[in-house]
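Listed here are the chains, written in short residue letters.
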Amino acid sequence: TGFSVECRMKHTTNQANRRRFLRQTGKYAALAAAVSTASVNPSRLLAQTPELRIREVKAYPIYINQRSDGLLDAPSFEGDGDPRRWRWGGPFEQLPSAIITVIKTDQGITGFGMGAGGSAAVEIIDGHLSHLLFNANPLNVEQLWDQMYNSGIFYGRRGVFVMALSALDNALWDIAGKVAGLPVHELLGGADRDRIEIYQTNGNFIAGKAAGVRNFKRTTAGGPRMTDAARSAYVDSVLQARDALGPDVRLMTDCVSRDGTVDWAVNLAQELRPANLYFMEELLSPDDVFGYAELVNRIGGKGAGWTRIACGEHEYTQYGFNVLVQLGAAEILQPDITWCGGTTAGRRISRLVEGASLEIIPHRGGSSWGFPIALTSPSCTMAESFPEGSEILDAMSCSVENGFVIAPTEPGFGTSLTEQMVLDYRLSLRQ
């Protein structure tokens, strides 16, 4: 079933949103009146909405911050055993290869959506997915998701295809919110809260705590290929962080592991046990789902463990997350809404996770794209925030106050993106 059948628009939208929407040209006056009533059936809303058609779909690789540096340069390795060979992700790896889609309708409404996959994803959008969107009604968001996903199922169930799909899906939800005059989190059903505690990934933890942050995560380029010195330094940094922060804050780790083993992960967890970690993230390859299930039983909450096992940042769609849930391969699921299939997939993943009585803590949940799923998922207690940013990242981030991410009130995702900003940050890749 699609957005037009499922999505409940609650009465929780504030008066400012309604007044702003009612001041529009009058095309959507019937919709505005319907939104002002409680528990409206969205199929009624769309029946009263003038028919919209998609007239333009554009996608651009963008420069987000220093993570994008070096994508233009061919790597230089020192022999076959160079450790950098095991860490180099190339120009299509998720965060450095961010893309923004810009979808325009025939009635002047523009939606923005973030995805990834760089110029490879742009080629998929230009040569494939845009043809499914052109002249379609953008309000049929979930139906369009199903059509796009099915059209690529023989070559794109994961990876770059789904990252491209994510950008388009997010842009469609942005349009839907702007048509309804509602933030996306209201389209998803709303929530009884308007903020979530942030967790800070890296940066200065002491400064973060002074600013009101109560949750912190330390990352490392982990895995069995870490040198003994690097491993010791990482363990020491986590234990020192616990000593400096005290016992009353949540502390987590992320090993960003591509090839960890279960035994390696268990040994590392033993070393870090004094840190009383809330969760340990990405201890294994995202493909090692059976290994993750073993970790849940050995060191996670299902066994006699002392931490929670988190993964899913690099998993895709509700189908991939259903495997993790059914195998018991994680206690905290971490979809990235700009990679996993967009807000439509995130919504379906949230239902899976909540139905299994597990936790969902979206990767980059403090971003404009991740926050609607975080806010509307009852089990989510934290929204990830990074201290390093840039103008365009800041334009796609929710506001933070005293350690909390605050829900936007603007229609759609509430970003301050403009088409000119996207063009200004466009990244040209020579591939």
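A. Highlighting the side chain of T201. Tracing the backbone shows T201 in strand β4 (residues 195-201). T201 sits in the buried class, given a relative accessible area of 3%. There is a polar contact of 2.5 Å between the side chain of T201 and the side chain of E384. Discounting chain neighbours no more than four positions away, the residues touching T201 are K217, T219, E384, S385, F386 and P387.

B. Geometry of the packing of aromatic side chains. As enumerated under the stated definition, the model contains 8 aromatic pairs in all. Aromatic side chains F77 and W88 sit 6.3 Å apart centroid to centroid with 70 degrees between the ring planes, which places their arrangement in the edge-to-face category. Taken together, the positions of F77 in the loop between β1 (54-61) and β2 (99-105) and W88 in the loop between β1 and β2 put the pair 11 residues apart, joining distant regions of the chain. F77 gets classed as partly exposed once you look at its relative accessible area, which sits at 26%. When the centroid spacing of 5.5 Å and the interplanar angle of 25 degrees are considered together, the rings of Y149 and Y319 count as stacked. With Y149 in helix α6 (residues 141-151) and Y319 in helix α13 (residues 317-327), this pair connects stretches of sequence that are 170 residues apart. One Lys or Arg, R218, reaches over the ring of F205 and ends 4.1 Å from the middle of that ring.

C. Examining the pattern of salt bridges more closely. Counted according to the given criterion, the structure contains 21 salt bridges. Residue K217 pairs with D254 through a salt bridge whose shortest N-O separation is 3.6 Å. Remark: D254 occurs in strand β6 (residues 250-254) and K217 occurs in strand β5 (residues 215-219); sequence separation between them is 37 residues. Across this residue pair, the class does not change: K217 and D254 are buried. One connected set of salt bridges, linked through shared partners, spans E142, D146, R347 and R348.

So, how was this worked out
Residues numbered from 1 in each chain as written. Predicted model: local features only at pLDDT ≥ 70, side-chain atom pairs only at ≥ 80, totals over all residues. Heavy atoms only, no water. Helix = DSSP H or I, 4+ residues; strand = E, 2+ residues; numbered from the N terminus. Buried < 20%, exposed > 50% of the residue type's maximum accessible area, 1.4 Å probe, protein only. Polar contact = N/O pair within 3.5 Å; in protein donor to acceptor, adjacent residues only side chain to side chain. Contact = heavy atoms within 4.5 Å. Phe/Tyr/Trp six-rings, centres within 6.5 Å; stacked < 30°, edge-to-face > 60°. Lys NZ or Arg CZ within 6 Å of the ring centre and 35° of its normal. Salt bridge = Lys/Arg side-chain N within 4 Å of Asp/Glu carboxyl O.

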